[in-house]
Amino acid sequence: MKLIISKDYDEMSELACRMYIDEINKNPEIVLGLATGSTPKGLYKRLIAEYKNNNIDFSKVVTFNLDEYIGLSEEDESSYRCFMNENLFNHINIKSENINIPNGKATDLEKFCEDYDRRIEESGGIDLMLLGLGEDGHIAFNEPGEYLNTCTNIANLAQSTIEVNSRFFESIDDVPKTAITMGMAGILKSKKIILMANGVNKHKPINALLNEKRVTTKLPVSFLRIHPNVTVIVDEKAYRGR
Ligand code: GLP
């Protein structure tokens, strides 16, 4: 596992952006796994600027998002689809048919999950997966528990995640309790993974990831230790806890 410590959020976003420019230029047909949340916003902003300066071309890029709330339509401002459109897709030349985001309004959710994994396989698999990190150590919506799911599945959000994510909703009661999420195998099958984490609230799971030697379902991010190609980019606050 490669660790990069940046001085702050901007530097973290800039470093990640440089890596994405390299990877996309090396392989214009790259299959990207993408995350939502506050963490990748700075990276997405920079990728849009680089696209506008003709430094990257997304015309052949394929994307698969990690997760989506169940029950929210694409138009809902709190949906991850809406987040992705506003923070990245609407501003770059990606083809709409190359964008894949779980559909939280699918009539048959179980079948949707199976199809999503099949679509990832058919695309040749994810070349570069971007992960954020939950304060409780979750990745995507794979929450700590007795077991973790391998495939794309319907997840129950932990109460602490509902509380943390309520900042994106009008009230905590509006936060969906369930979501579609890529499973642990879906994530770990990616050829390369970049995990980004910033701020003191991420110190606990980052510290555990970097300093403990075990994998445990109580800390889903710990499974990244068994992947051969992971880069963790953190800011000083996430690294030091102050
Ligand atoms: C959510 C998402 C995760 C994300 C995490 C961290 O729960 N399901 O995919 O990585 O929160 O979010 P943030 O970047 O806003 O801290």
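All of these numbers come straight from a predicted model, not from anything done at the bench. (Residues numbered from 1 in each chain as written. Predicted model: local features only at pLDDT ≥ 70, side-chain atom pairs only at ≥ 80, totals over all residues. Heavy atoms only, no water.)

Enquirer: Sorry, what's going on with helix 2 (residues 41-52) here?
Expert: An α-helical turn contains 3.6 residues, so any two residues separated by three or four positions project in the same direction. Its twelve residues place the ends of helix 2 17 Å apart at the C-alpha level, agreeing with the 16 Å of an ideal helix rising 1.5 Å per residue. Listed as buried for helix 2 are G42, L43, Y44, R46, L47, I48 and E50. Phi turns positive, to about 60°, at N54, one or two residues after helix 2. (Helix = DSSP H or I, 4+ residues; strand = E, 2+ residues; numbered from the N terminus. Expected span 1.5 Å × (residues − 1). Buried < 20%, exposed > 50% of the residue type's maximum accessible area, 1.4 Å probe, protein only.)

Enquirer: Teacher, can you tell me more about the sheet that holds strand 9 (residues 192-197) here?
Expert: Paired through their backbone hydrogen bonds, the strands of a sheet run either parallel or antiparallel. Strand order in the open sheet formed by seven strands is 1-10-9-6-2-3-5, and the pairing between neighbours is parallel. Each of the sheet's edge strands pairs with one partner strand only, and the pair in question is strand 1 (2-6) and strand 5 (99-100). As judged from the two bridges shared by strand 2 (residues 31-34) and strand 6 (residues 128-131), these two strands associate in the parallel manner. Bridge pairing in strand 6 places L32 opposite L128. (Pairing = 2+ DSSP bridges.)

Enquirer: What exactly am I supposed to notice about the sheet that holds strand 8 (residues 178-181) here?
Expert: As summarised here, the arrangement of the three strands in space is 4-8-7, forming an open sheet in which the pairing is antiparallel. Pairing within the sheet leaves two strands with one partner each, and these edge strands are strand 4 (67-69) and strand 7 (153-156). Direction aside, neighbouring strands of the sheet carry axes that sit 30° apart on average. One ladder, built from four bridges, connects strand 7 with strand 8; its direction is antiparallel. The residue bridging A155 from the neighbouring strand is A179, located in strand 8. Against the sheet, helix 4 (residues 109-122) engages strand 7 and strand 8, with an angle of about 120° to strand 7. (Axes fitted to C-alpha atoms, helices over the stretch in contact; angles between N-to-C directions. Contact = heavy atoms within 4.5 Å.)

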